[in-house]
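Each chain, written out:
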Amino acid sequence: MMASFGQGARRHPRSRGRTWSRTGPDRATLAVVGIVCAVAGFFVLGIVLGPAAIVCGRLAMGRSRAGARPVPAVVAVVLGIIDTVLAVLWLIGAAPLGNGLL
(Lines give C-alpha, C1' and ligand atoms only; values in the text may rest on other atoms or scores of the structure.)
Protein backbone atom coordinates (compact mmCIF):
# COMPACT_ATOMS: atom_id res chain seq x y z
CA MET A 1 0.00 0.00 0.00
CA MET A 2 2.82 2.34 -0.79
CA ALA A 3 0.65 4.18 -3.31
CA SER A 4 -1.48 5.73 -0.56
CA PHE A 5 1.51 7.25 1.23
CA GLY A 6 1.10 11.00 1.55
CA GLN A 7 -2.44 11.11 0.21
CA GLY A 8 -4.10 12.15 3.47
CA ALA A 9 -3.64 15.85 2.76
CA ARG A 10 -5.74 15.66 -0.38
CA ARG A 11 -8.74 14.17 1.35
CA HIS A 12 -8.61 16.48 4.36
CA PRO A 13 -7.05 19.80 3.41
CA ARG A 14 -6.47 22.38 6.06
CA SER A 15 -9.16 24.92 6.55
CA ARG A 16 -8.41 28.44 5.38
CA GLY A 17 -8.20 29.80 8.90
CA ARG A 18 -5.61 27.34 10.16
CA THR A 19 -2.79 27.60 7.68
CA TRP A 20 -0.38 29.24 10.14
CA SER A 21 1.41 27.66 13.08
CA ARG A 22 -0.55 27.52 16.30
CA THR A 23 2.34 28.11 18.68
CA GLY A 24 1.44 31.66 19.79
CA PRO A 25 -1.33 32.86 22.08
CA ASP A 26 -4.87 32.51 20.78
CA ARG A 27 -7.19 35.42 20.15
CA ALA A 28 -9.25 35.01 23.31
CA THR A 29 -6.12 35.18 25.44
CA LEU A 30 -4.93 38.31 23.65
CA ALA A 31 -8.31 39.95 24.21
CA VAL A 32 -8.21 39.20 27.93
CA VAL A 33 -4.63 40.47 28.18
CA GLY A 34 -5.72 43.66 26.40
CA ILE A 35 -8.59 44.21 28.81
CA VAL A 36 -6.32 43.64 31.81
CA CYS A 37 -3.77 46.10 30.41
CA ALA A 38 -6.46 48.70 29.79
CA VAL A 39 -7.98 48.41 33.26
CA ALA A 40 -4.56 48.47 34.93
CA GLY A 41 -3.63 51.46 32.79
CA PHE A 42 -6.33 53.55 34.41
CA PHE A 43 -4.38 53.29 37.68
CA VAL A 44 -0.68 53.06 36.74
CA LEU A 45 1.42 53.65 33.59
CA GLY A 46 -1.49 54.52 31.34
CA ILE A 47 0.83 55.88 28.67
CA VAL A 48 2.39 52.41 28.32
CA LEU A 49 -0.51 50.08 29.11
CA GLY A 50 -3.03 51.95 26.93
CA PRO A 51 -1.17 51.35 23.66
CA ALA A 52 -0.41 47.79 24.80
CA ALA A 53 -4.14 47.21 25.23
CA ILE A 54 -4.81 48.64 21.76
CA VAL A 55 -2.21 46.34 20.18
CA CYS A 56 -3.48 43.25 22.03
CA GLY A 57 -7.09 44.03 21.13
CA ARG A 58 -6.22 44.64 17.49
CA LEU A 59 -4.30 41.37 17.30
CA ALA A 60 -7.21 39.58 18.96
CA MET A 61 -9.56 40.86 16.25
CA GLY A 62 -7.62 39.03 13.60
CA ARG A 63 -7.30 40.01 9.97
CA SER A 64 -10.95 40.48 9.16
CA ARG A 65 -11.88 44.09 8.46
CA ALA A 66 -15.62 43.47 8.25
CA GLY A 67 -18.00 41.10 9.91
CA ALA A 68 -18.51 40.10 13.51
CA ARG A 69 -15.66 41.02 15.81
CA PRO A 70 -15.14 39.43 19.21
CA VAL A 71 -16.55 41.65 21.94
CA PRO A 72 -13.58 41.39 24.36
CA ALA A 73 -11.21 42.52 21.61
CA VAL A 74 -13.33 45.58 20.84
CA VAL A 75 -13.58 46.38 24.56
CA ALA A 76 -9.79 46.15 24.87
CA VAL A 77 -9.25 48.52 21.94
CA VAL A 78 -11.81 51.07 23.16
CA LEU A 79 -10.55 51.04 26.75
CA GLY A 80 -6.97 51.28 25.48
CA ILE A 81 -7.82 54.35 23.41
CA ILE A 82 -9.59 56.01 26.34
CA ASP A 83 -6.69 55.14 28.62
CA THR A 84 -4.11 56.55 26.20
CA VAL A 85 -6.05 59.79 25.68
CA LEU A 86 -6.44 60.30 29.43
CA ALA A 87 -2.74 59.64 30.00
CA VAL A 88 -1.74 62.14 27.30
CA LEU A 89 -4.12 64.77 28.76
CA TRP A 90 -2.67 64.13 32.20
CA LEU A 91 0.87 64.63 30.85
CA ILE A 92 -0.15 67.85 29.10
CA GLY A 93 -1.77 69.12 32.29
CA ALA A 94 1.31 68.24 34.34
CA ALA A 95 3.61 70.29 32.09
CA PRO A 96 4.54 73.69 33.48
CA LEU A 97 3.12 76.72 31.70
CA GLY A 98 5.57 78.70 29.54
CA ASN A 99 8.01 75.79 29.34
CA GLY A 100 9.57 76.77 32.64
CA LEU A 101 10.26 80.39 31.67
CA LEU A 102 8.02 81.84 34.37
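Quick caveat, the model's predicted, so the values are computed rather than measured.

### A closer look at the overall build of the chain
When helices and strands are counted, the chain shows four helices and zero strands. Along the chain, helices and strands appear, N-terminal first, in the series α-α-α-α. The buried share of the chain, taken over its 102 residues, is 21%. Once local pairs closer than 6 in sequence are excluded, the contacts in the chain between residues at least 24 apart make up 62%. Summed over all atoms, the accessible surface of the chain reaches about 8000 Å², with 69% contributed by carbon and sulfur.

### What to know about helix α3 (residues 46-61)
Taking 1.5 Å of rise per residue, 16 residues should cover 22 Å, and α3 covers 22 Å from first to last C-alpha, within 8% of that figure. For α3, the set of buried residues is G46, G50, A53, C56, G57, A60 and M61. Looking straight down α3, one finds its buried side chains confined to an arc of 135 degrees; they lie on one side. Tucked inside the fold, the buried residues of α3 contact α2 (27-41) and α4 (71-94). Count one or two residues on from α3 and you reach G62, which has phi positive near 85 degrees.

Rules behind the numbers
- Residues numbered from 1 in each chain as written.
- Predicted model: local features only at pLDDT ≥ 70, side-chain atom pairs only at ≥ 80, totals over all residues.
- Heavy atoms only, no water.
- Helix = DSSP H or I, 4+ residues; strand = E, 2+ residues; numbered from the N terminus.
- Buried < 20%, exposed > 50% of the residue type's maximum accessible area, 1.4 Å probe, protein only.
- Contact = heavy atoms within 4.5 Å.
- Areas by Shrake-Rupley, 256 points an atom, 1.4 Å probe, with all protein chains shown as cover.
- Expected span 1.5 Å × (residues − 1).
- Arc of directions from axis to C-beta.

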